[in-house]
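Residues per chain are reported as follows:
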Protein chains: 2
Amino acid sequence: MIRRQTGMTKIKNMEEFAALSGISRPTVSKYFHDPDSVRPTTRARIEAALERFDYRPNIYAVNQNRKLTKNIGIVVPYLADPFFAEIARYLEQSCIAAGYRPSLFSSHGEQKLENEILDGLQSMKPAGVLLAPLGRVSDRSAIEKFCATVPTVLFDSNLDGLGAAFIGSDNFSFVSQTVEYMTRTGEPPSFFEMRTPANPNANKRRKAYVEVMERLGFEPHIIKVDGKGWAFEEIGHKGALKVLAENELRTNSVLCSNDRLAIGFLAACYEQGIRVGRRDDCALRLASNDDHPFAKFTCPSLTTAAHDYDNVAGRSVETLFELIESGGKFETRSETLFPARLVLRDSA
Amino acid sequence: MIRRQTGMTKIKNMEEFAALSGISRPTVSKYFHDPDSVRPTTRARIEAALERFDYRPNIYAVNQNRKLTKNIGIVVPYLADPFFAEIARYLEQSCIAAGYRPSLFSSHGEQKLENEILDGLQSMKPAGVLLAPLGRVSDRSAIEKFCATVPTVLFDSNLDGLGAAFIGSDNFSFVSQTVEYMTRTGEPPSFFEMRTPANPNANKRRKAYVEVMERLGFEPHIIKVDGKGWAFEEIGHKGALKVLAENELRTNSVLCSNDRLAIGFLAACYEQGIRVGRRDDCALRLASNDDHPFAKFTCPSLTTAAHDYDNVAGRSVETLFELIESGGKFETRSETLFPARLVLRDSA
DNA sequence: CCCAAAATTTAACGCGCGTAAAGTTTTCAT
DNA sequence: ATGAAAACTTTACGCGCGTTAAATTTTGGG
């Protein structure tokens, strides 16, 4: 329990606090910038005063002069997707641990909002930004301009050449593991995806699917369903109902581009009385990609390829910190991809 | 498409921009404060200059002097819960539409984090804060202190007497509708909940359940499952497995305290081969509360009582704006509750 | 065309803090 | 004890903008 002089002397500024602590203002200023930059005895006196009085530097006055603030922007495309919420959580905490002030933003799937967020971010003079762009929907030139001004690390979705670095998951690793597993233990899967996916990862997954299937000597079979926006479950659900009604499947095996589509697919199967799983009494096997936080609780639980959350998030912040320390520029843009981990559950 | 003088004259401050636009700085300052406060002709000249040059006031310098900023803090207990992500989205957009700058924070279920967020929020001098507190886990005195300094409207979870107002859902309305529906169309439900719920709404729901059951002439039957934290699906899943194994149910009917527990419960039923629904071939009926964004895609889809999202969120921001305009204080603290809407799906 | 009201300009101060320069005190190895 | 390095104090300026007061210009109704 920390004792604080309550009510008494309301400290207005650093001048006052310095006087009360018996240290000159420039030294106090130095202390707040880096507590280790002052002599241990003076540090102790300042911290003693800090316990007696409730003072903290005015962040606006502090940031006014500093060319670069301690702010870090975190932008995700769709926060209502628990996947991004989880990643954002990790990123936030890493930033705080490193002494930065993270600000979280969600583009909510809209280009206009993404642009506005980047716009607002610029006037925050952030030390750096962690950006998971919308992807296909993104305004490439707007992001390019932004990256020219603000040190930016892209994650999750790559936009060729934009940002100082990209950290994400190796989509080929996702799909190759799921396809290989499914073909090894049963029939080769069809690939189930949105016709015009918002996310560039989707395209890479489709290509990987085709490549792996051909390498294994199977004919790829891609099912594209209509729908736009970020209501993937709804799209997957409707699309699956259509696929099931029109009997579009060539085998008893389906690989969804991502877990949220799969959740919709599973709901459709359940409604239609189609039992999904790898057991003998099941009519269909369904696997997917991402390891969505809810994938464990679908019916049946979802066999999927998991992102290496920790490494993607961890490396993203590490890279941003390096970028900041390098003065905001890297000599070459690097792309780091982490492989997936196959998570076997009941659906396939 | 807006033309902008690219690269050319980098405007450093309002002084420079004022000179370039041919208007004096105080007038320009006035314009940025309220575009309607200047003569239409001068407004036009400023806006013409704004299109030619890329200038925006330094937010730190702006906020330094103003006692109150245009910032609004939005704090939710757990952003990885899509329910809060959706509400936060609505709140954010309402704030932006009203000319404020929202900042979103998640306590991630931890008291320490909630306190740190409030701490950081204070130094942001926000015009107001929309706070959905952790509930039982919250540090009441910390929040009390915070509310004394910053105009705060509580939503979702009430803490008696704290904040200038509370806006939430009427838990009695939720439970009475689900219980009445279930008893009317089948056997009276047991109530399934966590032993020590984090959220105060849970307690109100339990009480409402008891009251409604007794009024209808049935004996209440409450099942409490172990587990703490915010991994509700996991807790519901484990708890349900135990309940099913030990045959703790007295009827074929269960009401879950909230949808995330129900999602776990449904997963357990599926694993155990217990068919859930209102059809004759089903062994169990399950209903719940909240209308979680995924409730439509569970297997079977979840019958649940829906929050009046729009009204709760809408009234929350309205109330906050009123509070801000009233100078940060209301004469009396109001509590506004919106009733639920019963959503009939397949699970009950 | 005239005049009062309204809007704008000019000039200047303040906000809270970063930071630099010059002078003073403390520290610590010799 | 001594001297230089390190840390601190004093003084002062600058950051970009809010804001005020007095002087000036513009506006619009009669």
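Residues numbered from 1 in each chain as written. Chains lettered and ligands numbered in written order. Predicted model: local features only at pLDDT ≥ 70, side-chain atom pairs only at ≥ 80, totals over all residues. Heavy atoms only, no water.

Under an unreviewed UniProt entry, chain A has the name Ribose operon repressor and belongs to Ruegeria denitrificans.

**Quick look at the interface of chain A and chain B**
Each side of the interface is counted separately: chain A has 43 residues, and chain B has 44 residues. Here chain A and chain B share an interface that buries about 4300 Å² over both sides, 57% of which is from carbon and sulfur atoms. When the buried surface of chain A facing chain B is broken down by residue, Y60, Y270 and F297 of chain A rank first, second and third, together holding 20% of it. Connecting chain A to chain B are four salt bridges. (Contact = heavy atoms within 4.5 Å. Buried area = accessible area lost by both parts, 1.4 Å probe. Salt bridge = Lys/Arg side-chain N within 4 Å of Asp/Glu carboxyl O.)

**What to know about the environment of F17 of chain B**
Residues and elements named next belong to chain B. By secondary structure assignment, the location of F17 is in helix α1 (residues 14-21). Residue classification places F17 among the buried residues on the basis of a relative accessible area of 0%. Counting along the chain gives 36 residues from F17 to F53, while the straight-line C-alpha distance between them is 8.1 Å. Setting aside residues up to four positions removed in sequence, F17 forms contacts with I11, V28, F32, I46, A49, L50 and Y55. (Helix = DSSP H or I, 4+ residues; strand = E, 2+ residues; numbered from the N terminus. Buried < 20%, exposed > 50% of the residue type's maximum accessible area, 1.4 Å probe, protein only.)

**Some words on the protein's contact with DNA strand C**
Close to DNA strand C lie 24 residues; M14, S29 and Y55 of chain A together with S24 and N65 of chain B are nearest. For DNA strand C, the fraction of atoms within 4 Å of the protein that belong to sugar or phosphate moieties is 62%. Measuring from a base nitrogen of DNA strand C, one finds a side-chain N or O atom of Q64 of chain B at 2.9 Å. For the surface near DNA strand C, the secondary-structure elements that each account for two or more residues are α2 (25-33) and α4 (59-65) of chain A together with α2 (25-33) and α4 (59-65) of chain B. (Near = heavy atom within 4 Å. Polar contact = N/O pair within 3.5 Å; in protein donor to acceptor, adjacent residues only side chain to side chain.)

**Focus: the UniProt feature "domain: HTH lacI-type" (unreviewed entry) in chain A**
When the UniProt feature table is mapped to this numbering, "domain: HTH lacI-type" (unreviewed entry) covers residues 12-66 of chain A. The distance from the first to the last C-alpha atom of residues 12-66 of chain A is 21 Å, and the span holds 67% helix and 0% strand. (UniProt positions renumbered as here; feature names shortened; annotations may be inferred.)

**So, the domain arrangement of chain A**
All names here are of chain A. Assigned domains of chain A: these are domain 1 (14-57), domain 2 (71-169 + 310-339) and domain 3 (171-306). Using only C-alpha atoms to locate each centre, domain 2 and domain 3 end up separated by 29 Å. At the junction of the two partners, domain 2 supplies 17 residues and domain 3 supplies 14 residues. Interface area, domain 2 with domain 3, both sides summed: about 1300 Å², of which 56% is carbon and sulfur. Connecting domain 2 to domain 3 are one salt bridge. (Domains from an automatic or database assignment.)

**Some points on the pattern of salt bridges**
Residues and elements named next belong to chain A. In this structure the tally under the stated criterion is 39 salt bridges over all chains. Across the salt bridge formed by R89 and E86, the nearest N and O atoms sit 3.8 Å from each other. Taken together, the residues span about one helical turn, with R89 and E86 both in helix α5 (residues 82-97) at a distance of three residues. What makes R89 partly exposed here is its relative accessible area of 26%. Its salt-bridge partner being D281, residue R275 comes within 3.7 Å of it at the nearest N-O pair. On the basis of relative accessibility, which here comes to 46%, the residue D281 falls in the partly exposed class. A single salt-bridge network, built from bridges that share partners, covers D36, R43 and E47.

**Thoughts on the sheet that holds strand β9 (residues 285-290) of chain B**
All names here are of chain B. Strand order in the open sheet made by the six strands is β7-β6-β8-β9-β10-β12, with mixed pairing throughout. In the strand order of this sheet, the two ends are held by β7 (222-225) and β12 (341-343), each with one partner. Strand after strand, the sheet turns through a mean of 20° between neighbouring axes, direction not considered. By the bridge criterion, three bridges tie strand β8 (residues 253-256) to β9 in an arrangement that is parallel. Note that in β9 the partner of S253 across the bridge is R285. Contacting β6 (190-194), β7 and β9, helix α9 (residues 200-215) runs over the sheet at an angle of about 165° to β6. (Pairing = 2+ DSSP bridges. Axes fitted to C-alpha atoms, helices over the stretch in contact; angles between N-to-C directions.)

**A short note on helix α10 (residues 232-245) of chain B**
Between its first and last C-alpha, α10 of chain B extends 20 Å over 14 residues, near the 20 Å set by a 1.5 Å rise per residue. Buried within α10 of chain B are the following residues: F232, E233, I235, G236, H237, G239, A240, V243 and L244 of chain B. (Expected span 1.5 Å × (residues − 1).)

**Considerations on the side chain of E233 of chain A**
Here E233 of chain A shows up in helix α10 (residues 232-245). Here E233 of chain A falls in the buried class, since its relative accessible area comes to 5%. Among residues more than four places away in sequence, those in contact with E233 of chain A are R260, I263 and G264 of chain A together with F294 and F297 of chain B.

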